[in-house]
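Report on the structure
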Amino acid sequence: MTPRRRPLVAGNWKMHHGGSTGVELATEVVRLAPSLLHVDLVIAPPFTALAACAHECDGSRVEVAGQNMHPKDSGAFTGEVSPRMLLDAGCTWVILGHSERRQHFGESDAFVAEKIAAALAAGLRPIACVGETLAEREAGRTLAVVERQVRAFLPALAASSRPAAIAYEPVWAIGTGKNAGPAEAQEVHAAIRAWLQAASMELASDTRILYGGSVKLDNARDLLASPDVDGALVGGASLDAASFGGIARAAEALSTS
Ligand code: PEP
């Protein structure tokens, strides 16, 4: 049996906890880390809390991610943040191509791929998000849509030696309380692994493929147990340290069993 990859559990705080409550939440996650030695933990606070949360995580095993980024180094891009700015704030990861960015801010596959290449070049590890809408799933187009999204950024991943993560997040499962069943998730994760493998065996084995979409304490174990599910990108449940810790503990238990 292929050994499991080290799990990665990342919390996407979205537009919550951008000030002192974010620092408190980061402190609580830092306190959980010593009991979670076999899981990589990442938190993604809003931009306004990144530096303070990174300061709080300093010296711990908790890493910090931006939730978005502009691909350019600097310039007249009002409201945007560059890869270097995320690094300066203490980030080591960045979530890119989240479906909320694609849906509400019109981010195309090509723009997401440009951001992923820029993040890797700057020294950040991307969590590249992909996933189909409910209409696309119902039309039987899940794998075609996800393949199109992955193929757009595959050359950037293949050209870099920096390991990245991909998050499969069915859009219909984000923040809705619905989630793909373990078999549905595994089918898409295995397909993503195969596309990576066609580019390089190393890429396929080094890239962690996370599941995201209403991951909670009560469904985490089943979702994380699938062979190609290497962790979770958690939205709502990451806003509570106990829930986030419970999901990470489920990943830890599977990786040590
Ligand atoms: C997300 O925002 O990436 C996410 C998966 O959200 P939720 O867990 O709330 O569905």
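Right above here is the structure, for reference.
Described below are features of the structure shown in this document. (Residues numbered from 1 in each chain as written. Predicted model: local features only at pLDDT ≥ 70, side-chain atom pairs only at ≥ 80, totals over all residues. Heavy atoms only, no water.)

1. Topic: the pairing of strand β3 (residues 62-66)
Let me state the cut-off plainly: Relative accessibility thresholds used throughout: buried, under 20% of the residue-type maximum; exposed, over 50%; partly exposed, between the two (1.4 Å probe, protein chains only). For the purposes of this entry, the term helix denotes a DSSP run of H or I that reaches at least four residues, the term strand denotes a run of E that reaches at least two, and both are numbered from the N terminus. Two strands pair under a simple rule: DSSP has to find at least two bridges between them. For a crossover, the right-handed case is the one in which the path from the first strand over the helix to the second runs clockwise, viewed with the strands pointing away from the viewer.
Burial of β3 is extensive: four of the five residues sit out of reach of the surface. By the bridge criterion, three bridges tie strand β2 (residues 40-44) to β3 in an arrangement that is parallel. Along β3, the bridge assignment pairs V42 with E63. Across two bridges, the pairing between β3 and strand β4 (residues 93-96) is parallel. Bridging across to β4, A65 finds its partner in W93. On the question of chirality, the crossover connecting β3 to the parallel β4 by way of helix α3 (residues 83-88) is right-handed.

2. Thoughts on the packing of helix α10 (residues 217-224) against helix α11 (residues 241-256)
For clarity, the cut-off: Every angle, taken between N-to-C directions, lies between 0 and 180 degrees, and every axis is a line fitted to C-alpha atoms, over only the stretch in contact when it is a helix. Angular relationships are summarised with four words: roughly parallel below 35 degrees, roughly antiparallel beyond 145, roughly perpendicular across 65 to 115, and oblique for the angles in between. Each helix crossing is assigned a hand: it is left-handed if the near helix lies turned anticlockwise from the far helix by less than a right angle, otherwise right-handed if that turn is clockwise. Two residues qualify as a contact provided that any one of their heavy atoms is within 4.5 Å of a heavy atom in the partner residue. Polarity classes work like this: nonpolar for Ala, Val, Leu, Ile, Met, Phe, Trp, Tyr, Cys and Pro, charged for Asp, Glu, Lys and Arg, and polar for all others, with Gly in that last group.
At their nearest, the axes of α10 and α11 sit 9 Å apart, and the two run at 25° to each other. It follows that α10 is roughly parallel to α11 by the angle criterion. The hand of the α10/α11 crossing is right-handed. Side by side, α10 and α11 meet where L217, A220, R221 and L224 of the first sit next to S243, G246, I247, A250, A251 and L254 of the second. Per-class residue counts for the contact of α10 with α11 are seven nonpolar, two polar and one charged.

3. Some thoughts on the sheet that holds β4
Spatially, β1-β2-β3-β4-β5-β6-β7-β8 is the arrangement adopted by the eight strands of the closed barrel, whose pairing is parallel. Taking each pair of neighbouring strands and ignoring which way they run, the sheet shows an average axis angle of 25°. Note that strand β1 (residues 8-12) and β2 share five bridges and pair parallel. Residue pairing in the sheet places A10 in a bridge with V42 of β2. Set on the sheet, helix α5 (residues 109-122) makes contact with β4 and β5 (125-130); between it and β4 the angle comes to about 175°.

4. A word on the site of the ligand
Under the convention used in this document: When we say a residue is near a molecule or strand, we mean one of its heavy atoms is within 4 Å of it. N or O atoms within 3.5 Å of each other form a polar contact, as long as, within protein, one can give a hydrogen and the other can take it, and as long as residues adjacent in sequence are counted only when both atoms are side-chain atoms. Working definition of accessibility: Shrake-Rupley area with a 1.4 Å probe, residue cover restricted to the visible protein chains.
In the vicinity of the ligand there are 14 residues, among which K14, E169, G175, S214 and G236 approach most closely. Here an oxygen atom of the ligand and a side-chain polar atom of N12 are 3.2 Å apart. Between H98 and the ligand, the recorded distance is 2.9 Å, taken from a side-chain N or O atom to an oxygen atom. In isolation the ligand offers 300 Å² of accessible surface; the protein chains occlude 98% of this area. Split by residue class, the shell around the ligand holds four nonpolar, eight polar and two charged.

5. Some remarks on the side chain of Q67
By secondary structure assignment, the location of Q67 is in the loop between β3 and α3. A polar contact of 2.9 Å, which involves the side chain of Q67, links it to the backbone oxygen of K14. At 3.4 Å, the side chain of Q67 and the backbone oxygen of P45 are in polar contact.

6. Digging into the pattern of salt bridges
Using the following cut-off: Note on definitions: salt bridges are taken to be side-chain nitrogens of Lys or Arg within 4 Å of carboxyl oxygens of Asp or Glu.
This model, assessed by the stated rule, comprises 16 salt bridges. As a salt-bridge pair, E63 and R125 come within 2.9 Å of each other at their nearest N and O atoms. Note that E63 is positioned in strand β3 and R125 in strand β5, a separation of 62 residues in sequence. Close ionic contact of R151 with E147 constitutes a salt bridge, the shortest N to O distance being 2.8 Å. Here the residue R151 and the residue E147 both occupy positions in helix α7 (residues 142-158), the gap between them amounting to four residues, near one helical turn.

7. Considering the packing of aromatic side chains
For clarity, the threshold we go by: By convention, a stacked pair of Phe, Tyr or Trp rings (six-membered ring in the case of Trp) has centres within 6.5 Å and planes under 30 degrees apart, an edge-to-face pair has planes over 60 apart, and any other such pair is tilted. Two conditions define a charge located above a ring, namely a distance within 6 Å from the ring centre to NZ of Lys or CZ of Arg, and an angle within 35 degrees of the ring normal.
This model, assessed by the stated rule, comprises one aromatic pair. A cation over a ring is seen here: R101 above F105, with NZ or CZ 4.0 Å from the ring centre.

8. Looking at the pairing of strand β7 (residues 208-212)
With five of five residues buried, β7 lies mostly within the body of the structure. Burial along β7 is two-sided: R208, L210 and G212 and I209 and Y211, pointing in opposite directions, are all buried. Judged from the four bridges that link them, strand β6 (residues 165-168) and β7 form a sheet pairing that is parallel. Counted as the bridge partner of A165 is R208 from β7. Note on the crossover from β7 through α10 to strand β8 (residues 231-234): the handedness is right-handed.

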